[in-house]
Amino acid sequence: MGQSEKININRIRKWQKRIMVILGIIIVGISIIHFSDSRTKVERDFEKALEKFVESGEKRILLRFLTDFKWDRVYVFGPYGDDGSWKGEHPLTDEGHWGLQFIDMNNNYIPIRIRRGLLDEPRQCGCFLKDVQLVYHGERDPYSANSKTKPEFLGTRCND
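Residues numbered from 1 in each chain as written. Predicted model: local features only at pLDDT ≥ 70, side-chain atom pairs only at ≥ 80, totals over all residues. Heavy atoms only, no water.

(A) Looking closely at the overall build of the protein. Assigned secondary structure in the protein consists of two helices and seven strands. Across the 160 residues that make up the protein, the buried fraction comes to 32%. Of all intrachain contacts in the protein linking residues separated by at least 6 positions in sequence, the fraction that spans at least 24 positions is 59%. Counting only carbon and sulfur atoms, one obtains 55% of the accessible surface of the protein, whose full area is about 10,500 Å². (Helix = DSSP H or I, 4+ residues; strand = E, 2+ residues; numbered from the N terminus. Buried < 20%, exposed > 50% of the residue type's maximum accessible area, 1.4 Å probe, protein only. Contact = heavy atoms within 4.5 Å. Areas by Shrake-Rupley, 256 points an atom, 1.4 Å probe, with all protein chains shown as cover.)

Below is the structure:
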């Protein structure tokens, strides 16, 4: 093997190493991005549906039209809000979120955190049955951290 062939092989090996390092960095970066979103698929799907409603300009919607899972009642919580009704670990750990907790007939629950930048915390909290409507009178300001008008939940209250 001649000197020029050895140089070419060394160049190829150097490029192979560089490509492997770059691929490794890309794979690690994608993994970090993918796993850093701590929201569940249900939360992401609900947020997309809620965002679509807010941007539609509609003023009210039955909450059940924003979900694709079965539920019978929903608890509405403000930031840091928990009156003891929350099932499981309370996920609202900062003032930037408020939440809903959907519960079915078997007492299975689905917690959902909602960014106040998408929709500000509700005027009232508590438990509502499936006929509950989300009413939103305001305009979302994309340049503001929070919406200017608080949403309302209107419907039959739970007895428990």
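Structure shown, so let's carry the discussion forward.
(B) Examining a nonpolar patch on the surface more closely. A cluster of nonpolar side chains, Trp-15, Ile-19, Met-20, Ile-22, Leu-23, Ile-26, Ile-27 and Ile-30, forms an exposed patch at the surface whose accessible area comes to about 850 Å². Checked against the element boundaries, Trp-15 lands in helix H1 (residues 3-36). For Trp-15, a relative accessible area of 52% gives the class exposed. (Patch = residues over 30% accessible without salt bridge, like charges linked within 9 Å, V, L, I, M, F, W, Y side chains within 5 Å. Salt bridge = Lys/Arg side-chain N within 4 Å of Asp/Glu carboxyl O.)

(C) Inspection of the state of the cysteines at higher detail. Counted by the stated rule, this structure contains one disulfide. Bridging Cys-127 to Cys-158, the disulfide has an S-S length of 1.9 Å. Between Cys-127 and Cys-158 the sulfur-sulfur dihedral comes to about -60°; the bridge is accordingly left-handed. Here Cys-127, found in strand S5 (residues 126-129), pairs with Cys-158, found in the segment after strand S7 (152-154); they are 31 residues apart in sequence, far enough to count as distant. Side by side, Cys-127 and Cys-158 carry an identical accessibility label, which is buried. (Disulfide = S-S within 2.5 Å.)

(D) Just unusual backbone geometry, in detail. Not every positive phi belongs to a glycine, and Asn-107 is a case in point at roughly 65°. With respect to the helices and strands, Asn-107 occurs in the loop between strand S3 (97-103) and strand S4 (109-115).

(E) Seen up close, the pattern of salt bridges. Per the stated rule, a full pass over the model turns up three salt bridges. The salt bridge partner of Lys-41 is Asp-45, with a shortest N-O separation of 2.6 Å. Residue Lys-41 and its partner Asp-45 are located together in helix H2 (residues 41-56), separated by four residues, close to a single helical turn. The exposed category is assigned to Lys-41, whose relative accessible area is 54%.

(F) Quick look at H2. If you check H2, its first and last C-alpha atoms are 22 Å apart, about what 16 residues at 1.5 Å a residue would give, namely 22 Å. Glu-43, Phe-46, Glu-47, Leu-50, Phe-53 and Val-54 are the residues of H2 that are buried. An end-on view of H2 places all buried positions within 125° of arc, on one side of the element. More than 90 degrees from the buried face of H2, the exposed residues found are Lys-41, Lys-48, Lys-52 and Glu-55. Of the surrounding secondary structure, the elements contacted by the buried residues of H2 are strand S1 (60-62), S3, S4 and strand S6 (133-135). (Expected span 1.5 Å × (residues − 1). Arc of directions from axis to C-beta.)

(G) Molecular detail of the side chain of Glu-43. Here Glu-43 is to be found in helix H2. On the basis of relative accessible area, Glu-43 is assigned to the buried category, the value being 5%. Separated by 2.8 Å, the side chain of Glu-43 and the backbone nitrogen of Arg-113 make a polar contact. (Polar contact = N/O pair within 3.5 Å; in protein donor to acceptor, adjacent residues only side chain to side chain.)

(H) Here's a closer look at the pairing of strand S2 (residues 73-77). In terms of burial, S2 is largely enclosed, as five of its five residues are buried. Side-chain alternation along S2 places Arg-73, Tyr-75 and Phe-77 on one buried face and Val-74 and Val-76 on a second face that is also buried. Where S2 and S3 come together, five bridges link them in antiparallel fashion. For Tyr-75, the partnering residue across the bridge sits in S3 and is Gln-101. In this sheet, S5 lies alongside S2 in antiparallel orientation, the contact comprising four bridges. Bridge assignment links Arg-73 to a residue of S5, and that residue is Leu-129. (Pairing = 2+ DSSP bridges.)

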